[in-house]
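A look at the structure
The residues making up each chain are set out below.
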Amino acid sequence: MTNSSGGAEKLSSSAGSIVFDADVLVLGGGPAGTWAAISAARHGARVVLADKGFCGTSGATAAAGTSVWYVDPAPERREAAMASREKLGGYLQDRRWMARVLDRTYVQSNQLADWGYPYPADDDGKPQRNSLQGPEYMRLMRKRTKQAGVTILDHSPALELLVDGSGVVAGAAGLRRQKGDRWVVNAKAVVIATGGCAFLSKTLGSNVLTGDGYLLAAEAGAEFTSMEFSNAYAISPAFGSVTKTLFYSWASFTDQRGSVIPGASSKGGRSVIARALRQGPVYAQLDQADAETQRHMRASQPNFFLPFDRTGIDPFAQRFPITLRLEGTVRGTGGLRIVDDSCATTVPGLYAAGDAATRELICGGFTGGGSHNAAWAMSSGYWAGEGAAEFARQLGTTIGRQAFRRGTVGLHDRSGPPLHGGALARSVQDEVFPYELNYFREAGRLGDSLRRLDGLWSEASRADAPDDQELLRGREAAAMLATARWMYRSALARQESRGMHRRDDYPEPDDRYLHLVTTGGLDDVWTSTRPLASAHYSEAAE
Amino acid sequence: MIEVIDTERCTACDICVNVCPTNVFDKTDGIPVIARQGDCQTCFLCELYCPEDALFVSPFAEAPQAVDVAALKEAAVLGSYRRAVGWTDENRHLRAADRSYRLFGH
Ligand SMILES: Cc1cc2nc3c(=O)[nH]c(=O)nc-3n(C[C@H](O)[C@H](O)[C@H](O)COP(=O)(O)OP(=O)(O)OC[C@H]3O[C@@H](n4cnc5c(N)ncnc54)[C@H](O)[C@@H]3O)c2cc1C
Ligand code: SF4
Ligand code: SF4
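In short, a report on the structure. Since the model is a prediction, treat every value here as computed from it, not as a measurement. (Residues numbered from 1 in each chain as written. Chains lettered and ligands numbered in written order. Predicted model: local features only at pLDDT ≥ 70, side-chain atom pairs only at ≥ 80, totals over all residues. Heavy atoms only, no water.)

**Observations concerning helix α15 (residues 468-493) of chain A**
Residues three or four positions apart in an α-helix share a direction because the helix packs 3.6 residues into each turn. All names here are of chain A. For α15, built from 26 residues, the straight-helix expectation of 38 Å at 1.5 Å per residue is met to within 8% by its first-to-last C-alpha distance of 37 Å. Judged by how many residues are buried, α15 sits mostly within the fold: 20 of 26 residues are covered. The residue sitting at the N-terminus of α15 and contributing the capping side-chain oxygen is D467; that oxygen lies 3.2 Å from the backbone nitrogen of Q469. (Helix = DSSP H or I, 4+ residues; strand = E, 2+ residues; numbered from the N terminus. Expected span 1.5 Å × (residues − 1). Buried < 20%, exposed > 50% of the residue type's maximum accessible area, 1.4 Å probe, protein only. Polar contact = N/O pair within 3.5 Å; in protein donor to acceptor, adjacent residues only side chain to side chain.)

Next comes the structure, spelled out in structure tokens:
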């Protein structure tokens, strides 16, 4: 166990702080967190859910909406759905998990219909359940979470985990930023559902997603996996936040002079766009959508059109400048390592769901965006909530249990040099945004970047936040920094190109790397390899 | 970024203060204020939740923009997102208008 309580400060709830007692604490109120909370409550747990923003509008799904990996249970459809992504994912997926997620997603999606989600029906009257409108879906999830009896703390970012004397998770503590005080939740199990890390890139709805949950979990000793698959970039108008790439499959891409850029496309040609953007502006025009397609687009994704309608651009008839925004692990696949079917992590009592958890199990090394992530958020949320409730039940009474704070950066005693979250966040962005560092990877550039990131970490780990406002920013920036270091160490460890991980110095897949890369650590970041999950489980079953 | 709280329409219900994921607004004794515009992530959700169509989020994510409120009202831009997703009484049918299934697999 790396998470001994040695040196930790003893918990005392002082004035200016509100204390809750719960069986299960869920951190994050996106789809994964709300499904986890509802499922834990259904299994008899007393549940508190804390969200950094407002549960119902916060997170990637609420703003963006998602297509969902909802597949009819007919065996041949299932088979096709699984097979179609295996090559893209570099054959790192686990079929058993894919099948489980398909089954669970089917059940959860139908549950949403029973709860009144207004799914459309096709011309034959058949309901179509493979897409969810973000605001609509998450408004419904907030309502159902409340109805399940869950206590929701809005605008209450978690800052650190609490653990007991034997390293079992015992709750978390955070800020109530609109009330100007702190919260503490003593809990028997905690679900991390804080989403991924998009590095404050203004990708739609994702500025609340700074990897906070990773940092807190790592401080309690948790491990990560597949963090090299974290370089998802999405197309958006250059000036705007709406990073929706699907519609660009009807686009043509041109350079400054209006010449078509050879090979540029939203799928399979995005790296061409990244290269072109390094030379100068790139323009898109959705000129391949016929009138009927245009109508369907407008009806399906009204927010896609906001940047255009509000600037007077007709995206079907006019060119507009585009950019690629980094979406990191929000549409990458890396995250907390899952060790069993209940979505437990390597830390006892700590569960992970949604983008905070690895999605390699169903995505391998390819992006989980475009339907898998949404399916995973529903399914892993359901299992993590159930698993956490069961863990809490087995733990029984915890009266008199001591809890120790696990937070590090920014959470000492305010005697260190000041931690400037804004400046630190910009320094991290300088290392993860550039295409030549993150999109197109190479040992020398990754190594140089890591040296700079490690330097930033050794400074930040000594620093302290001057006040609560800065504390949150500082913790967010530290989480981004830690995430970048896990990403690049893992990227160095995979000396091949597979899935979305591209190495200029190793442009081809190499079967010696048909394994998973695990990482973790704060002051010292380590990596190791594990056999594929499928091999691992079949071993365990013997 | 969020640019406008229209003081003529706003009823000081504070819904925007509550729902903004990045805590951009502050409550006051009356109409809320845009206290941390630089934290706005241009998600358009405050606008969607404002029952009075009193907010305008400019699509420019990186920098503030000067906007002409009278012209926006004139052109019925305020509240246009809410109407498009069917969150108004007259447009409720649009909540089930999603045709994504016709677009996938392109
Ligand atoms: C533009 C865009 C389009 C997408 N389209 C698709 C798609 O079509 N199909 C698909 O499958 N996926 C898609 N994705 C990905 C999908 O949105 C995510 O996988 C999904 O939202 C993950 O759900 P989640 O609950 O894990 O995280 P989120 O929905 O991101 O929610 C995380 C929550 O955690 C909260 N939080 C963060 N830090 C803290 C903290 N310290 N304390 C407390 N709470 C915290 C946040 O406020 C947030 O509410 C898209 C993403 C984007 C950005
Ligand atoms: S939601 Fe609209 S009406 Fe309510 S306070 Fe905000 S701007 Fe005013
Ligand atoms: S657009 Fe989003 S981030 Fe900006 S003020 Fe409105 S709700 Fe907040």
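**Things to note about the site of ligand 2**
Surveying the vicinity of ligand 2 reveals 14 residues, the closest of which are C10, C13, D14, C16 and C50 of chain B. Classifying every residue of the shell around ligand 2 gives 11 nonpolar, 1 polar and 2 charged. (Near = heavy atom within 4 Å. Nonpolar A, V, L, I, M, F, W, Y, C, P; charged D, E, K, R; others polar.)

**What to know about the environment of I31 of chain B**
All names here are of chain B. Its location among the elements puts I31 in the loop between β2 (25-26) and β3 (33-34). Taking the relative accessible area as the measure of exposure, I31 reaches 28% and is therefore partly exposed. Sequence-distant contacts of I31, that is, excluding residues within four places in its chain, are made with I5, T7, C10 and A12. (Contact = heavy atoms within 4.5 Å.)

**Re the sheet that holds strand β18 (residues 526-530) of chain A**
Residues and elements named next belong to chain A. With respect to topology, 4 strands assemble into an open sheet ordered β14-β9-β17-β18, the strand pairing being antiparallel. Strands with a single pairing partner mark the edges of an open sheet, and in this sheet they are β14 (335-336) and β18. In the sheet, strand β9 (residues 224-225) pairs with strand β17 (residues 516-520) via 2 bridges, with the strands oriented antiparallel. Across the sheet, residue T225 finds its bridge partner in β17, namely T518. With respect to the sheet, α15 is in contact with β9, β17 and β18, its orientation differing from that of β17 by roughly 145°. (Pairing = 2+ DSSP bridges. Axes fitted to C-alpha atoms, helices over the stretch in contact; angles between N-to-C directions.)

**Section: the site of ligand 3**
Every residue close to ligand 3 is listed here: I2, C20, P21, T22, V24, F25, C40, Q41, C43, F44, C46 and V57 of chain B. Among the residues making up the shell around ligand 3, the classes are represented as 10 nonpolar, 2 polar and no charged.

**A word on the sheet that holds strand β11 (residues 252-254) of chain A**
All names here are of chain A. Across the sheet, 4 strands lie side by side as β10-β13-β12-β11; this open sheet has antiparallel pairing. Each edge of the sheet is formed by a strand with only one pairing partner; in this case those strands are β10 (232-237) and β11. In this sheet, adjacent strand axes meet at a mean angle of 45° when their direction is disregarded. One ladder, built from 6 bridges, connects β10 with strand β13 (residues 320-328); its direction is antiparallel. Bridged to I235 within β13 is L324.

**Overview of the packing of helix α3 (residues 75-86) of chain A against helix α4 (residues 95-114) of chain A**
Residues and elements named next belong to chain A. Contact pair α3 / α4: the axes reach a minimum separation of 11 Å and the direction vectors enclose 130°. Classified by the interaxial angle, the pair formed by α3 and α4 is oblique. Classified by chirality, the crossing of α4 by α3 is right-handed. Packed against α3, whose contacting residues are R78, E79, M82, A83 and E86, the element α4 presents R95, M98, A99, L102, D103 and Y106 at the interface. In terms of residue class, the contact of α3 with α4 is built from 6 nonpolar, no polar and 5 charged. (Parallel < 35°, antiparallel > 145°, perpendicular 65-115°, else oblique. Left-handed = near helix turned anticlockwise from the far one by under 90°.)

**Side note on the packing of aromatic side chains**
Residues and elements named next belong to chain A. Scanning all chains against the criterion turns up 24 aromatic pairs over all chains. For the pair F247 and W250, a centre-to-centre distance of 6.4 Å together with 80° between the ring planes defines the contact as edge-to-face. The two residues F247 and W250 agree in class, both being buried. Ring plane angle 65° and centroid distance 5.8 Å describe the contact between Y248 and F304, whose orientation is recorded as edge-to-face. You can see Y248 sitting in the loop between β10 and β11 and its partner F304 sitting in the loop between α8 (291-300) and α9 (306-309), a full 56 residues away along the chain. The same class applies to Y248 and to F304, which are both buried. (Phe/Tyr/Trp six-rings, centres within 6.5 Å; stacked < 30°, edge-to-face > 60°.)

**Observations concerning helix α6 (residues 212-219) of chain A**
Residues and elements named next belong to chain A. By the criterion of burial, α6 is predominantly enclosed, with 8 of the 8 residues buried. Listed in full, the buried residues belonging to α6 are D212, G213, Y214, L215, L216, A217, A218 and E219. Trailing α6 by a residue or two, G221 shows a phi angle of about 105°, which is positive.

**What to know about the pattern of salt bridges**
For side chains bearing opposite charge, pairing can occur when the charged atoms are close. Applying the stated criterion to the full structure yields 50 salt bridges over all chains. The closest approach of N and O atoms between R92 of chain B and D89 of chain B, which form a salt bridge, is 3.8 Å. A relative accessible area of 46% places R92 of chain B in the partly exposed class. One network of salt bridges, with partners in common, ties together E228, R494, E496, R498 and D511 of chain A. (Salt bridge = Lys/Arg side-chain N within 4 Å of Asp/Glu carboxyl O.)

**Here's the deal with the interface of chain A and chain B**
In this assembly, 55 residues from chain A lie in contact with 43 residues from chain B. Summed over both partners, the interface of chain A with chain B comes to about 4200 Å²; 57% of that surface belongs to carbon and sulfur atoms. Looking at the side of chain A facing chain B, the largest losses of area belong to T57, K202 and R310 of chain A, adding up to 16% of the total buried there. Applying the counting criterion to the chain A and chain B interface returns 6 salt bridges. Our count for the contact surface shared by chain A and chain B stands at 25 residue pairs in polar contact (both at pLDDT 80 or more). Elements that contribute at least two residues to the side of chain A that touches chain B include exactly α2 (60-64), β4 (131-132), α5 (134-147), α8, α9 and α15 of chain A. The residue makeup of the side of chain A that touches chain B, split by class, is 21 nonpolar, 23 polar and 11 charged. (Buried area = accessible area lost by both parts, 1.4 Å probe.)

**Things to note about the side chain of R85 of chain A**
Within the secondary structure, R85 of chain A is located in helix α3. With no salt bridge to any partner, buried R85 of chain A finds its closest opposite charge in E86 of chain A, at an N-O distance of 10 Å. (Lys, Arg positive; Asp, Glu negative; His and termini not counted.)

**Overview of the pairing of strand β6 (residues 158-163) of chain A**
Residues and elements named next belong to chain A. The buried fraction of β6 amounts to 6 of the 6 residues, a majority that puts the element mostly inside the structure. As judged from the 5 bridges shared by β6 and strand β7 (residues 169-176), these two strands associate in the antiparallel manner. Of the residues in β7, the one forming a bridge with L162 is G171. Joining the antiparallel neighbours β6 and β7 is a turn of 5 residues, in which G167 adopts a positive phi near 85°.

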